[in-house]
Each structure stands twice: as C-alpha cells, then as structure tokens.
Amino acid sequence: MSSHDLVVSLVPAPCHPDVAKAAIRHHKHMVTASYTSPEMKELHEAAVAAGITILNEAGLDPGIDHMVRGEGRGGGGGGGGPPLVL
C-alpha cells in the first residue's frame, strides 16, 4: 500500500474498516464501494488527522464500484473506455 497513491477498496463492506485503518496508517486516500457504516464513521477523525480523504459510496449511479471497474464506458468490466483517473 505504501507505494501507491490511492486505495480502492472493493472488498465486502464489513472489511472496509480494516482497509481504512491501513490507509490511515500509510496516509493514503481511499475510495470504497459501500455506504458509510458506523464503523467507518468512527474513523473520520483519524483520517482527518492523517490528512487523507476516505470517500464512500454516495448513491451515485452507476456507482463508484462500477466506475472504478470501467463498467458503463463501452464494455463490461474494464474495457472500452479511457482509464478512470481519480
């Protein structure tokens, strides 16, 4: 994780807090594909203190997870369109 600029967490929702804790430790921004859980809300102050943003799903259609995987841009799952830059 330390050699990357951004963490994209597409794991099941209950796993996001563990990934977020690692992102906070490594001072890496993070995007998840799940709505904000109470456990993720508890990490807000730590993320702010680390100087990072953690962006959870916000009800966008087709959704952050679909955008990150490249769906809806000319093909199913990673093909067709230009790369998504966050």
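About the criteria used
Residues numbered from 1 in each chain as written. Predicted model: local features only at pLDDT ≥ 70, side-chain atom pairs only at ≥ 80, totals over all residues. Heavy atoms only, no water. Buried < 20%, exposed > 50% of the residue type's maximum accessible area, 1.4 Å probe, protein only. Helix = DSSP H or I, 4+ residues; strand = E, 2+ residues; numbered from the N terminus. Pairing = 2+ DSSP bridges. Right-handed = clockwise from strand over helix to strand, strands pointing away. Contact = heavy atoms within 4.5 Å. Axes fitted to C-alpha atoms, helices over the stretch in contact; angles between N-to-C directions.

On to the pairing of strand β1 (residues 6-9), then. Because side chains alternate across β1, one face comprises the buried residues V7 and S9, and the other comprises L6 and V8, none of which is buried. As judged from the four bridges shared by β1 and strand β2 (residues 29-32), these two strands associate in the parallel manner. The residue bridging V7 from the neighbouring strand is M30, located in β2. In this fold, β1 hands off to helix α1 (residues 16-26), which returns the chain to β2; that crossover is right-handed.

Here we take up the sheet that holds β2. Spatial ordering of the open sheet is given by β1-β2-β3, a layout of three strands whose pairing is parallel. Looking at strand neighbours, the two that pair on one side only are β1 and β3 (54-55), the edges of this open sheet. Running at roughly 165° to β2, α1 makes contact with β1, β2 and β3 of the sheet.

Bridge count for β2 against β3 is two bridges, and the pairing is parallel. Bridge pairing in β3 links M30 to I54.

This part takes up the side chain of S9. Checked against the element boundaries, S9 lands in strand β1. Of the residues examined, S9 reaches a relative accessible area of 3% and is grouped as buried. With sequence-adjacent residues up to four places away left out, S9 is seen in contact with H16, V19, M30, V31, T32 and A33.

Along α1, the residues that are buried comprise H16, P17, A20, A22, A23 and I24. The elements touched by buried residues of α1 are β1, β2, α2 (38-41), α3 (44-50) and β3. H27 occupies a position one or two residues after α1 and carries a positive phi of about 55°.

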